[in-house]
Amino acid sequence: RGWDAASPELFHHKPGDLHTGLCSVGAPSYLCGSPVTTDCSCCKCDLYGLPDWNTDLQEVQDVHYRHVEELYDMGVTMLRIDAALYEDVGQASRTLNRFPWDYVYMEW
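Anyway, here's the lowdown on the structure attached to this text. (Residues numbered from 1 in each chain as written. Predicted model: local features only at pLDDT ≥ 70, side-chain atom pairs only at ≥ 80, totals over all residues. Heavy atoms only, no water.)

Next up on the list: the side chain of T55. Summarising the element assignment, T55 is placed in the loop between β2 (46–47) and α1 (58–73). A residue is classified by how much of its surface remains accessible, and T55, at 16% relative accessible area, is buried. (Helix = DSSP H or I, 4+ residues; strand = E, 2+ residues; numbered from the N terminus. Buried < 20%, exposed > 50% of the residue type's maximum accessible area, 1.4 Å probe, protein only.)

Here it is as structure tokens:
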């Protein structure tokens, strides 16, 4: 399974409702209830209404790994991760650190 086979159960959602996210992040505050921006309280929220992958699921981790592996195999040596503030650092590093990148920029 790849990106094109993603289905609602692979994203964060309210219990019993596969089509409603847990919370949302966007203008004007870019916060999701917590005034702290480094506690990952927004990590499971939809950013600008885009569904948020449930990276706690092994299937999602496998999809992300295959995508990053494909980028590396085609010769990509540098990455920019946008909205990294809304990603769990541990989960992101477990995927990214499997490859010897020349440079990874995480835009906060």
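Once the structure has been displayed, the description carries forward.
Sheet topology places strand β3 (residues 78–81) next to strand β4 (residues 103–106); four bridges connect them, and they run parallel. When the sheet's bridge partners are listed, L79 is paired in β4 with V104. Crossover connection from β3 via helix α2 (residues 89–96) to parallel β4: handedness right-handed. (Pairing = 2+ DSSP bridges. Right-handed = clockwise from strand over helix to strand, strands pointing away.)

Further remarks concern the nonpolar core. Among the nonpolar cores identified, the biggest contains six residues, and these are V25, C42, C45, A83, L85 and Y86. Those residues within four positions of V25 in sequence are excluded, and the remaining contacts are Y30, L31, C32, C42, C45, D46, L47, Y48 and Y86. Counting residues in hydrophobic clusters, the runner-up holds five residues, among them V68, L79, F99 and W101. (Core = buried A, V, L, I, M, F, W, Y, C linked by side-chain atoms within 4.5 Å. Contact = heavy atoms within 4.5 Å.)

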